[in-house]
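Breakdown of the fold
Residues per chain, in single letters:
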Amino acid sequence: MTEALPLFEQGRHLLSVSQFNRQTLRDLFVLADAVNPIAQRQAVCTVLDGAMLGSLFFEPSTRTRLSFESAFLRLGGEVTTTTGFTFSSMAKGESIADTARVVSGYSDVLVVRHPDAGSVAQFAAHSVVPVVNAGDGAGEHPSQALLDVYTLDKELAARGRGIDGVRLAILGDLKFGRTVHSLIKLMSLHADLTFSLFSPPGLELPSEIGQYAAQRGHRVEVADNVVDAIRGADAIYATRVQRERMTTEQAQANARGDLLNWAILAEADNLDTIIMHPLPRDSRPDAYDLSPDVDDLPGLAIFHQTDNGLNVRMAIFLTALGVSTEAVTLTTKQRPWKATLRD
Amino acid sequence: MTEALPLFEQGRHLLSVSQFNRQTLRDLFVLADAVNPIAQRQAVCTVLDGAMLGSLFFEPSTRTRLSFESAFLRLGGEVTTTTGFTFSSMAKGESIADTARVVSGYSDVLVVRHPDAGSVAQFAAHSVVPVVNAGDGAGEHPSQALLDVYTLDKELAARGRGIDGVRLAILGDLKFGRTVHSLIKLMSLHADLTFSLFSPPGLELPSEIGQYAAQRGHRVEVADNVVDAIRGADAIYATRVQRERMTTEQAQANARGDLLNWAILAEADNLDTIIMHPLPRDSRPDAYDLSPDVDDLPGLAIFHQTDNGLNVRMAIFLTALGVSTEAVTLTTKQRPWKATLRD
Amino acid sequence: MTEALPLFEQGRHLLSVSQFNRQTLRDLFVLADAVNPIAQRQAVCTVLDGAMLGSLFFEPSTRTRLSFESAFLRLGGEVTTTTGFTFSSMAKGESIADTARVVSGYSDVLVVRHPDAGSVAQFAAHSVVPVVNAGDGAGEHPSQALLDVYTLDKELAARGRGIDGVRLAILGDLKFGRTVHSLIKLMSLHADLTFSLFSPPGLELPSEIGQYAAQRGHRVEVADNVVDAIRGADAIYATRVQRERMTTEQAQANARGDLLNWAILAEADNLDTIIMHPLPRDSRPDAYDLSPDVDDLPGLAIFHQTDNGLNVRMAIFLTALGVSTEAVTLTTKQRPWKATLRD
């Protein structure tokens, strides 16, 4: 299905990271930069005055929903929200086609999250307005991958370099982690990358994803342990592991403590690397995730990722609706007041 | 109760279709036409800037809620939403009178949906702002009947005629279908109509509804089968049948396949008639509802109904709040951008 | 914890009534008066154009949520809402620190309700924007106490006097009623008060609250029955009693009928006193709460309390965000229309 998807541009659905090439990805990032004063709450924008976002979450994902809704509201638009596992009319046997046609008639753009892979594309096929995929189960979650690459690009730029030639360590559940698959695909638009992977037994990266990167000229290395994986990495992308997904008792027994923490970074002599995570991270003891003891390290970028999500989602909306940067500029003004939290 | 309700105009609750006469119905439709550029997303309106809609759904009805909320937001207002079977304070023994008085103090107008007939009127009796009934169980759902008649009027106008003299077939559950009762009452404000009815055994139209129409000079005909009911009809209004409501096993056994589909329309030689349905329709196999195989017919109006719901609900809000067409015109401007979904 | 909290002013969280002194309480009331035309829906304000409220209700409290959201929307801001017992990412082991950091990045101010005492303060400690406590279980609910004292001040002013020297009867559950504790603390900023208390056995006011008032020069009197408690009172504050909280069967057996009603007020010769209640009140028979038979009395202020909640919550937002009265005035205009409900 995704092979045939057109480039993401005005009047198009955003269903997959496969809808970008290097140039259109860069264009989206330029737009995300341009709206930064709005995302940072220094300026107020009314360009989407009168525009309506239909936010449809057929499964809960509070932070993703809030990020999309805030992005749209910050551009001056309005939002209607539907959450919950069932859509009342669907429970009465309504087809996804009817639901999509009816609900899309109320809005200018839809954000749809659904537990079943492919269902957002099915929804989009019957919508009369552009649809943004906010995650469809084991399928795609393109805005997450976009904000991840955008953040990595910004963090690297702050260090005086770009994504080309980067060594990126990716840790955790590489088999079921939809986020990781989209990230590797989107990263592969760049040049000369090294992906250094570590996963618990049974959670290895599917071979087709590795081949996808290799065919585009990148190196894919698999490490035996976390320290080897992260040694020399310019950035680390850690993900949550659900222990019940590990296939052997031995793997489950070994996945104790932290997946990544201060001591492991120190052992790899890489305490100043860029540290990313799609969040939420599991902070319960023995959760085998990214430890909060890294939170004071200089390269911690996990909250930059969520903050940057506003920029990227604004850029997605502006692109889908065909709003120019000029129109944004003309409708943006400084705030008459500035709230700052005191210490 | 409904006998004593005043005409629906500025500062009034909208509780029942009985609050219209032919003139005020026409006035509402003129207003619904006037806001069409806003409903069609070509123009932006700010007339309700600073106005607040309290959207209270004590039972779920996602599409009705989204339609009302979108209509209000498109006029420039703001919305607070409450959904769910229980209102937290009501669970603590709060009376409907207290709830209505308190919540109405937060808003300029309320839309209320409740599972119990009469409860919205009870709510309205204690509200300090106008209340719009969005469905009260077996009671009324006036905005649905209004958008149905508005749509029929538009579809007929496109064919060069009006509602007077029309032959309307009504199919399905005519006993429990609240929508049908309100529709017949509102249609009866017009002249010289023929209602051609078909329902499965046990789901016949209550005699008082038929008498209501007959007393106003209309013909009510009951057909033995769907083909007879729809032959020669200018329009067909099909509704969903819940099989468990049929009173005999024989009726349930006969209600197989589709209530209405392409083949049945062809057999009645009426493939270009106007086809309406309140939605949702049950598209599961053997659901005994309107088949999706009619979706490409030229007279299909079911999505025009939902689209027109925005116009009608805007007109309801403007009427309840006493906003003039002039005020709407003065606060409406063209959109600086236009999103169109590409094929 | 609350001892160390700073005064509530620009850029500060509002977590407790202990963050006020007499002057800053008065300043807040002046601001609440200033926004009255907006709260009363005569004027429209856009001062918070582009500002975003994150409304996070980890436990349901519909009226409190609607009041906060309406207040913010009336000032021109936008709202994103999250309700429900679980935050989807918290269910995956996310710490309150991570949730607060991420979600606060989407908003300019947060309103947080949580069932656990102290959790809102914990949330605030990790937020990058001001947090307003909308109730944290057995902890605090400062906006309720603020609107209570504001209402009492307005009601007394209409009778030509102020709070100093007032005799206030407080009835009901004085042990578990968080509202009462905050009310007494905030009232104690004034001079020369008499608190006249009545509670069923086992639900007496904690001694530290009484001592708090006494140390500030006020009289705390405990009555044996309701009539004695309310005789001569300038105002009565009644609260709901949960019968299951009474510690003896005898107490439960005696707590029948109404806690306060017309006949009891008549017996105390105090039918024109000010009557307050935090709502919701339990109007079911034998609920041992404030009877609706007092609703026509001239001093009934229970709905003034909820209406005034808009003013007070607007003033809270303006203070937290550091918006001046001048900025409000400059961005406020008369409404071009006025909806009034007809009788």
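Residues numbered from 1 in each chain as written. Chains lettered and ligands numbered in written order. Predicted model: local features only at pLDDT ≥ 70, side-chain atom pairs only at ≥ 80, totals over all residues. Heavy atoms only, no water.

**Some words on the sheet that holds strand β2 (residues 52–57) of chain B**
Adjacent strands of a sheet form backbone hydrogen bonds with each other and so pair up, either parallel or antiparallel. The four strands lie next to each other as β3-β2-β4-β5 (chain B), forming an open sheet whose pairing is parallel. Either end of the sheet is taken by a strand with one partner, and the two such strands are β3 (78–83) and β5 (131–136) of chain B. Adjacent strand axes in the sheet meet at a mean angle of 10 degrees when their direction is disregarded. Pairing of β2(B) with strand β4 (residues 109–114) of chain B involves five bridges; the strand directions are parallel. Across the sheet, B:Leu53 pairs through a bridge with B:Val109, a residue of β4(B). Against the sheet, helix α3 (residues 62–74) of chain C makes contact with β2 and β3 of chain B, and its axis sits at roughly 170 degrees relative to β3(B), the strand it touches most. (Pairing = 2+ DSSP bridges. Helix = DSSP H or I, 4+ residues; strand = E, 2+ residues; numbered from the N terminus. Axes fitted to C-alpha atoms, helices over the stretch in contact; angles between N-to-C directions. Contact = heavy atoms within 4.5 Å.)

**Details of the relation of the copies chain C and chain B**
Mapping chain C onto chain B calls for a screw motion: a turn of 120 degrees about the axis and a shift of 0.0 Å along it, with 0.0 Å RMSD after fitting. With respect to symmetry, the two chain copies, as superposed, fit the operation of a three-fold axis. Each copy contacts the other with its own distinct surface, as only 3% of the interface residues of chain C are interface residues in chain B too. (Least-squares fit on C-alpha atoms with pLDDT ≥ 70 in both.)

**Focus on the interface of chain A and chain B**
At the interface, 39 residues of chain A touch 35 residues of chain B. Here chain A meets chain B over a buried area of about 3300 Å², counting both sides, of which 51% is carbon and sulfur. The interface formed by chain A and chain B includes seven salt bridges. With its nearest N and O atoms 3.1 Å apart, the salt bridge here joins A:Glu9 to B:Arg342. Summed over the shared surface of chain A and chain B, the result is 14 residue pairs in polar contact (both at pLDDT 80 or more). (Buried area = accessible area lost by both parts, 1.4 Å probe. Salt bridge = Lys/Arg side-chain N within 4 Å of Asp/Glu carboxyl O. Polar contact = N/O pair within 3.5 Å; in protein donor to acceptor, adjacent residues only side chain to side chain.)

**Structural notes on helix α6 (residues 142–158) of chain B**
Residue and element names in this part refer to chain B. Taking 1.5 Å as the rise per residue, α6 with 17 residues should run 24 Å; its terminal C-alpha atoms sit 24 Å apart, in good agreement. Burial runs high along α6: 14 of the 17 residues are buried. Two residues or fewer after α6 comes glycine 160, characterised by a positive phi angle close to 80 degrees. (Expected span 1.5 Å × (residues − 1). Buried < 20%, exposed > 50% of the residue type's maximum accessible area, 1.4 Å probe, protein only.)

**Some thoughts on the side chain of A:Ser55**
Residues and elements named next belong to chain A. Mapped onto the secondary structure, serine 55 falls in strand β2 (residues 52–57). On the accessibility criterion, serine 55 (1% relative accessible area) is buried. Within the structure, serine 55 has its side chain in polar contact with the side chain of glutamate 69 (distance 2.9 Å). Non-local contacts of serine 55, meaning those with residues more than four positions away in its chain, are made with Arg65, Glu69, Val79, Thr80, Thr81, Thr82 and Val111.

**With respect to the confidence of the model for chain A**
Across chain A, pLDDT averages 93, with 97% of residues at or above 70. At the level of chain-chain contacts, confidence expressed as ipTM amounts to 0.94, with global pTM at 0.96. (pLDDT = per-residue confidence, 0-100.)

**Focus on the pairing of strand β3 (residues 78–83) of chain A**
All names here are of chain A. For β2 and β3, the ladder comprises six bridges, and the chain directions are parallel. Pairing of leucine 53 across the sheet is with valine 79, part of β3. Viewed along the sheet, the connection from β2 through helix α3 (residues 62–74) into β3 turns out right-handed. (Right-handed = clockwise from strand over helix to strand, strands pointing away.)

**Remarks on the interface of chain C and chain B**
Taken together, the contact pairs 35 residues of chain C with 39 residues of chain B. Counting each side, the surface lost to burial between chain C and chain B is near 3300 Å², with a carbon and sulfur contribution of 51%. The largest share of the area that chain C buries against chain B comes from C:Trp337, C:Leu341 and C:Arg342, three residues that together contribute 22% of it. Between chain C and chain B we count seven salt bridges in total. The shortest N-O distance in the salt bridge between B:Asp108 and C:Arg41 comes to 3.1 Å.

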